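Spelled out from the first residue to the last, the chains are:
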Amino acid sequence: MEDALGRIAHHFARFAEIDGQDDPLYRALAAVIGGDAALMGLLLEAPSTQRLPVLLLAALHERILAGDPHPLAAYYASVGGTRAPDDALPATLRDFIQREDPALRALVRTRATQTNETGRCAVLRPALQALATRLGGTASAPVELALFDFGCSAGLNLGVDRYAYDDGVEITPGASPDAPVIRTHWRGERPTGLLGAPCWRAARRMGVDLNPADPADETAARWLRACLWPGDAARRERLDRALADARRHPVPLVRSADGLSVLERWMADLPAGVTPVLVNVWVLAYFDAEAFRAHVERIERLVRERGLAWISGEIGKLAPLPSPPDCPPGESPGSSTLWTLQWADGGVPRAGALAWSHPHGRWIEWLEA
């Protein structure tokens with residue numbers, strides 16, 4: 001237990017110093033929790049891969065969003081709080097945790113962080129366009145793709161073609177006036193040819209997750225809101241718009257511990273001429289080395305034998321790797337997401353790196369000409 005608490009303390013120290021600097025409240029909470037073994041011990045209820053500050057912070061946020069009045073809510077902008085972290089915060093936090101202890105333990109034990117960050121669609125959009133052009137799609141004759149989101153949470157990224165986009169150069173309207181607006185900026189050359197009218201059409205959509213979140217379930221939606229940082233109003237609005245869009249356009253979301261078996265069965269039922277596309281973003285980071293190798297081998301077999309295309313946005317687990325870019329000031333070193341593409345070209349497997357990006361899509365550095 002001492003080793004586990006030591007690792008948790010290290011994570012909280014790093015979060016307070018580096019990872020949490022976008023939110024003063026979360027930095028302050030991390031500093032308090034990281035100095036208190038009893039508070040950190042709540043994370044021992046979680047699976048080892050989830051013993052991270054963001055899970056406990058999300059559990060605290062969920063209880064605040066649940067609406068029971070407590071002085072701690074005054075620090076949370078997400079519920080209208082305006083109080084800055086101060087000397088009263090540690091005692092207020094401990095009182096809240098004592099009151100909510102059973103609920104917090106249940107959340108930490110049964111939940112996982114599921115940001116469902118639709119900002120990543122800023123990169124997914126040109127990645128899908130890059131695939132479609134390789135398959136011969138054009139704006140006048142788009143190819144048909146079937147999108148399969150591995151680690152889908154609420155499946156919000158499956159609405160990539162309905163969202164609005166603003167990259168500071170051009171605004172692309174969404175399918176409706178209240179569509180989420182995905183904002184980003186380009187570092188380096190902007191891939192203009194991949195940002196026009198889509199060369200593809202979504203013929204099918206499906207998601208798989210260990211614990212999929214139903215967009216129509218308010219408890220599940222509250223957990224997704226809790227996984228956002230309380231001071232980020234823009235992400236909160238974007239999430240709420242995406243949830244509303246998903247309720248209008250429901251897709252199958254499957255609970256499974258073997259998502260690739262679900263994928264294979266789904267592929268078998270696709271119409272002829274439709275290319276299945278597997279998408280994962282910040283999921284493989286939770287795989288251990290052996291599970292990761294087995295997972296990749298299964299996918300590569302499906303690429304070779306069944307024409308699967310694979311778009312992966314991770315933290316550089318796939319090799320060979322291009323050199324990662326220098327992170328902008330204020331970002332965590334090593335947090336950049338690498339986007340790669342594998343597909344079958346006339347039955348011959350092909351692979352390449354597409355882009356580096358901020359983990360939430362705030363910036364993109366495209367690697368292809």
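Above this text sits the structure in question.
Please read these numbers as outputs of a predicted model, since none were measured by experiment.

**As for the pairing of strand β8 (residues 275–281)**
Phase 1 of the analysis: Of all seven residues making up β8, seven are buried, and the element is well covered by its neighbours.
Phase 2 of the analysis: Bridge count between strand β1 (residues 143–150) and β8: five bridges; the pairing is parallel. Bridging from a neighbouring strand, aspartate 149 pairs with valine 279 of β8.
Phase 3 of the analysis: The β-α-β motif built from β8, the intervening helix α10 (residues 289–306) and the parallel element strand β9 (residues 309–314) has right-handed crossover chirality.

**Some thoughts on the sheet that holds strand β4 (residues 181–183)**
Phase 1 of the analysis: If you trace the three strands from one edge of the open sheet to the other, you get β3-β2-β4, paired in mixed fashion. Since the sheet does not close on itself, it has two edges, and those belong to β3 (171–172) and β4, each with one partner.
Phase 2 of the analysis: Bridge count for strand β2 (residues 164–166) against β4 is three bridges, and the pairing is parallel. Paired with tyrosine 165 across the two strands is isoleucine 182, which belongs to β4.

**So, the pattern of salt bridges**
Phase 1 of the analysis: Taken as a whole and assessed by the stated rule, the structure comprises 30 salt bridges.
Phase 2 of the analysis: Among the ionic pairs, glutamate 117 bridges to arginine 235, the shortest N-O distance being 2.6 Å. Pair noted here: glutamate 117 is in the loop between α5 (89–110) and α6 (121–134) and arginine 235 is in helix α8 (residues 233–248), with a separation of 118 residues, a long-range link.
Phase 3 of the analysis: A relative accessible area of 2% means that glutamate 117 is categorised as buried.

**Some words on the sheet that holds strand β11 (residues 348–357)**
Phase 1 of the analysis: Strand order across the open sheet formed by nine strands is β5-β12-β11-β10-β9-β8-β1-β6-β7, with mixed pairing between neighbours. Lying at the two open borders of the sheet, with one neighbouring strand each, are β5 (185–186) and β7 (253–255).
Phase 2 of the analysis: Where β1 lies against strand β6 (residues 200–209), eight bridges are found, and the strand directions are parallel. Paired with alanine 146 across the bridge in β6 is arginine 204.

**With respect to the packing of helix α2 (residues 24–34) against helix α4 (residues 53–65)**
Phase 1 of the analysis: Axis separation between α2 and α4 bottoms out at 11 Å; the angle between their running directions is 115 degrees. Classified by the angle between their axes, α2 and α4 sit roughly perpendicular to one another. In this structure, the crossing between α2 and α4 has a hand that is right-handed. Counted together, Tyr26, Leu29 and Ile33 of α2 and Leu56, Leu57, Ala58, Leu60 and His61 of α4 form the full contact between these two elements.
Phase 2 of the analysis: Across the contact of α2 with α4, the residue classes tally to seven nonpolar, one polar and no charged.

Criteria and thresholds
All residue numbers refer to positions counted from 1 along the written sequence of the respective chain. Local features are withheld for residues below a pLDDT of 70 in this predicted model, meaning they are given only at 70 or higher, and side-chain atom pairs are given and counted only at 80 or more; totals for whole chains, interfaces and linings count all residues. Neither water nor hydrogens contribute to the side-chain values; these are computed over all heavy atoms in the structure. For each residue, the accessible area found with a 1.4 Å probe, counting protein chains only, is set against the maximum for its type, and the residue is called buried under 20%, exposed over 50%, and partly exposed in between. Here a strand is any run of E in DSSP of at least two residues, a helix any run of H or I of at least four, and the numbering for each starts at the N terminus. When DSSP finds two or more bridges between a pair of strands, those strands are recorded as paired. By convention a crossover is right-handed if, when the strands point away from the viewer, the path from the first strand over the helix to the second runs clockwise. One side-chain nitrogen of Lys or Arg within 4 Å of one carboxyl oxygen of Asp or Glu is enough to make a salt bridge. Comment: axis = line fitted to C-alpha atoms, over the contacting stretch for helices; angle = value between 0 and 180 degrees taken between N-to-C directions. Any angle from 65 to 115 degrees is called roughly perpendicular, while one under 35 is roughly parallel, one over 145 is roughly antiparallel, and all others are oblique. By the definition used in this description, the sense in which the near helix is turned from the far one sets the handedness, with an anticlockwise turn below a right angle giving left-handed and a clockwise turn giving right-handed. Contacts are residue-level and defined by heavy atoms, with any inter-residue pair within 4.5 Å sufficient. Residues are sorted three ways: Asp, Glu, Lys and Arg are charged, Ala, Val, Leu, Ile, Met, Phe, Trp, Tyr, Cys and Pro are nonpolar, and all the rest, Gly among them, are polar.

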